[in-house]
Amino acid sequence: MKINAVIIEDEAIARDHLIKMIAQINPKITIITSIATVTEGINWFQSNDHPDLIFMDIQLSDGVSFNILEETTIDVPIIFITAYDEYAIKAFKTTGIDYLLKPISKDDLEKALEKFYKTKIRIDEEWSIKTMDLVQLIRKENKLANKKRFLLRSGNSMIPVKIDDIAYFYRDELVFAKLFDEKSFPLDYSLNQLQTMINPEKFVRLSRQLLVNVNAIKKLIPSKPGQLLIEIMPDYHEAISLSPERSRWLKRFLDGDEEI
């Protein structure tokens, strides 16, 4: 199985050590590029096709690599790398495949890659959603301000709308804000960008196309084993079906047992 991977690591010795071990474990893994800074990472992911796998160090010379996730849409598995950073380990629990503690051992790397191989056949929108959950966690931990209102376009006019009046954001070629009064307005943001702006306690990502105000969730209906169908208001034009993992998370979150 040929795999294209990217390494995000600012320490040359650590990077070369990782590349050497990867080649020893699986020569079919191709490191298509290595990235040393947040700025370089943002530019690269905005301009290139994404790989199958990312090895991501947490601390970089110009910031934390989570800033790359805030500025780009990355929906592939990530193996996090950290040097005894308890915060990074806590953050990992919401996303990704594994984390490796520096100095990285060959055994740890083999186990992380085994997890990747086992899950590769089911890599889907869950990765994108989990990654954005992680970004929200970082914002919450750092007490970053949340957007309180939007100035929405209506013909030639602009209408100020409070965030609490928005039922959900959805993507249908363009991204729209749907209000509780059923009016829709186009936006110039992506859903990922919106998710980094608003309160993660009030809005949850149900799919790649849908970011929903928790007060707009009307009903959770058991579907296939472990899965839920979600009804929201105003009605959404497609069925909203969650995976078993996402269904469990949403039930815990709505019941107040789990934080973003």
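Computed from a prediction, not measured in an experiment: that's the story for all the values here.

## Digging into the overall build of the protein
Link 1 in the chain: Along the protein, the regular secondary structure elements total eight helices and 17 strands.
Link 2 in the chain: By residue count, 46% of the 260 residues in the protein fall in the buried class.
Link 3 in the chain: The long-range share in the protein, meaning contacts at least 24 apart out of those at least 6 apart in sequence, stands at 56%.
Link 4 in the chain: Put simply, the protein shows about 13,300 Å² of open surface, and 48% of that area lies on carbon and sulfur atoms.

## Re the environment of methionine 21
Link 1 in the chain: Of note, methionine 21 is situated in helix α1 (residues 12-25).
Link 2 in the chain: Residues methionine 21 and serine 105 lie 84 residues apart in sequence; the distance between their C-alpha atoms is 8.6 Å.
Link 3 in the chain: What methionine 21 contacts, discounting residues up to four positions off in sequence, is Ile104, Ser105, Lys106 and Leu109.

## So, the pairing of strand β1 (residues 3-8)
Link 1 in the chain: In terms of burial, β1 is largely enclosed, as five of its six residues are buried.
Link 2 in the chain: For β1 and strand β2 (residues 29-35), the ladder comprises six bridges, and the chain directions are parallel. In the sheet register, alanine 5 faces β2, and the bridge partner there is isoleucine 31.
Link 3 in the chain: For the crossover that starts at β1, traverses α1 and ends in the parallel β2, the hand is right-handed.
Link 4 in the chain: In terms of strand pairing, β1 meets strand β3 (residues 53-57) through four bridges, oriented parallel. Across the sheet, the residue bridging to alanine 5 is leucine 53, located in β3.

## A few points about the pattern of salt bridges
Link 1 in the chain: In the structure shown here, the tally under the stated rule is eight salt bridges.
Link 2 in the chain: Where glutamate 9 meets lysine 102, a salt bridge forms, and the shortest distance between an N and an O atom there is 3.2 Å. Within this pair, whereas glutamate 9 is found in the loop between β1 and α1, its partner lysine 102 is found in the loop between β7 (98-101) and α5 (106-119), the two being separated by 93 residues in sequence. Here the two residues glutamate 9 and lysine 102 agree in accessibility, since each one is buried.
Link 3 in the chain: Of the charged contacts, one joins aspartate 16 and arginine 15 as a salt bridge, the two residues approaching to 3.2 Å between their closest N and O atoms.
Link 4 in the chain: Classification of arginine 15 by relative accessible area gives partly exposed; the value is 23%.
Link 5 in the chain: What emerges from the salt-bridge pattern is a single network uniting Glu9, Glu11, Asp57 and Lys102.

Procedures and definitions
Residues numbered from 1 in each chain as written. Predicted model: local features only at pLDDT ≥ 70, side-chain atom pairs only at ≥ 80, totals over all residues. Heavy atoms only, no water. Helix = DSSP H or I, 4+ residues; strand = E, 2+ residues; numbered from the N terminus. Buried < 20%, exposed > 50% of the residue type's maximum accessible area, 1.4 Å probe, protein only. Contact = heavy atoms within 4.5 Å. Areas by Shrake-Rupley, 256 points an atom, 1.4 Å probe, with all protein chains shown as cover. Pairing = 2+ DSSP bridges. Right-handed = clockwise from strand over helix to strand, strands pointing away. Salt bridge = Lys/Arg side-chain N within 4 Å of Asp/Glu carboxyl O.

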